[in-house]
Amino acid sequence: MRIVLVGPPGAGKGTQAAFLAKNLSIPHISTGDLFRANISKKTELGKLAKSYMDKGELVPDEVTIAMAKDRMDQPDAVDGFLLDGFPRNVSQAEALDVTLQDAGMKLDAVLDLEVPEEEVVKRIAGRRICRNDSAHVFHVTYKQPKAEGVCDVCGGELYQRDDDSEETVRKRLEVYHTQTEPIIDYYKAQGLVVTISALGKVEEVTTRAMEALKRDE
Ligand code: AP5
Ligand code: ZN
């Protein structure tokens, strides 16, 4: 299956993507995680991406699309993938369509996670992620690690993302409404959108998502 996951910052895209990718046996491709990996390796791409991410703005399309295409070309993504955080505006969605069409492929579904803004703010404020692997995500109240500040999975140090400050989150939400939300209409026109509520326990949301994807088959 080829799926796009869309939703505001802090909706739980990364959290859900980890379970959905496992259940569906497809790789989880997060452009945010790819940028963060480049930042920690101090690559040129990482330096460029950080200058935009710290302000809550989108990284320019040219580099983002090239990076996403490169990842989708890896052997593990031949039979499907779950995209998280890409596409993030209409021009990225158009570029993805062209890439897939050229390869004789198409998307199966766009899963839209709906969460009220006040919940998103709470989720982001309490989020802690692992220095070793940004897929290891915790929350100070909703998903507490067994030992404070230590990752349950690998023992790595937990930290708060630089772009999770109140001011940057406000900017990221504004960017989501103005630039990312229009892709939902873009994909609605293709009949691809399934919307679910992302409120409730993580497992409940995963079950809801799996059912919505099945119904959509
Ligand atoms: P990115 O990393 O994609 O961030 P985002 O979209 O803002 O989303 P988040 O990672 O903040 O949230 P999430 O929905 O994954 O939530 P999570 O599962 O962690 O992008 C960051 C930046 O990179 C962008 O601002 C931009 O600069 C750049 N970028 C990335 N892609 C780009 C692109 N395509 N083009 C241009 N620029 C790009 O959950 C949040 C918290 O809530 C966690 O603590 C979790 O434990 C908790 N939680 C999750 N689910 C639940 C639940 N059901 N109940 C209670 N708590 C929950
Ligand atoms: Zn870890």
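Presented here is an overview of the structure given in this document.

Reading the values: rules and limits
Residues numbered from 1 in each chain as written. Chains lettered and ligands numbered in written order. Predicted model: local features only at pLDDT ≥ 70, side-chain atom pairs only at ≥ 80, totals over all residues. Helix = DSSP H or I, 4+ residues; strand = E, 2+ residues; numbered from the N terminus. Contact = placed C-beta atoms within 7 Å. Near = placed C-beta within 6 Å. Nonpolar A, V, L, I, M, F, W, Y, C, P; charged D, E, K, R; others polar. Core = buried A, V, L, I, M, F, W, Y, C linked by C-beta atoms within 7 Å. Buried ≥ 20, exposed ≤ 12 C-beta atoms within 10 Å, placed from the backbone. Axes fitted to C-alpha atoms, helices over the stretch in contact; angles between N-to-C directions. Left-handed = near helix turned anticlockwise from the far one by under 90°. Pairing = 2+ DSSP bridges.

Within the element layout of this structure, A11 appears in the loop between β1 (2-6) and α1 (13-24). Sequence separation of A11 and I124 is 113 residues, and the distance between their C-alpha atoms is 8.7 Å. Residues contacting A11, with those up to four places away along its chain left out, are L113, V115, V120 and A198.

A separate point is the site of ligand 1. In the region of ligand 1, 36 residues are neighbours, and P9, G12, G14, G32 and G85 sit closest. The set of elements that each furnish at least two residues to the shell around ligand 1 consists of α1, α2 (31-40), α3 (44-53), α6 (117-125), β6 (137-139) and α9 (202-216). For the shell around ligand 1, the class distribution of residues is 14 nonpolar, 13 polar and nine charged.

With that out of the way, let us pick up the nonpolar core. Ranked by internal contacts, the top residues of the largest apolar core, which has 31 residues, are I3, V4, L5, L82, L83, V110 and L111. Not counting the four nearest positions on each side in its chain, V4 is found in contact with L83, P87, L107 and V110. By size, the runner-up hydrophobic cluster in this structure holds five residues, among which are I129, C130, F138 and C151.

This part is about the packing of helix α4 (residues 61-72) against helix α5 (residues 90-102). For the pair α4 and α5, interaxial distance at closest approach is 11 Å and the crossing angle is 35 degrees. Judged by the sense of rotation from one axis to the other, the crossing of α4 with α5 is right-handed. Listed contacts from α5 to D61, T64, I65 and K69 of α4 are S91, Q92, A95 and T99. For the contact of α4 with α5, a count of residues per class yields two nonpolar, four polar and two charged.

A separate point is the sheet that holds strand β7 (residues 158-159). Strand order in the open sheet made by the three strands is β6-β5-β7, with antiparallel pairing throughout. Each of the sheet's edge strands pairs with one partner strand only, and the pair in question is β6 and β7. Here two bridges tie strand β5 (residues 127-130) to β7, and the two strands are oriented antiparallel to one another. Bridge pairing in β7 places I129 opposite Y159.

This part takes up the environment of K201. Within the element layout of this structure, K201 appears in the loop between β8 (193-197) and α9. Classification of K201 as exposed rests on a count of 9 C-beta atoms within 10 Å. Placed 66 residues apart in sequence, K201 and A135 show a C-alpha to C-alpha distance of 18 Å.

Structural measurements only, silent on function.
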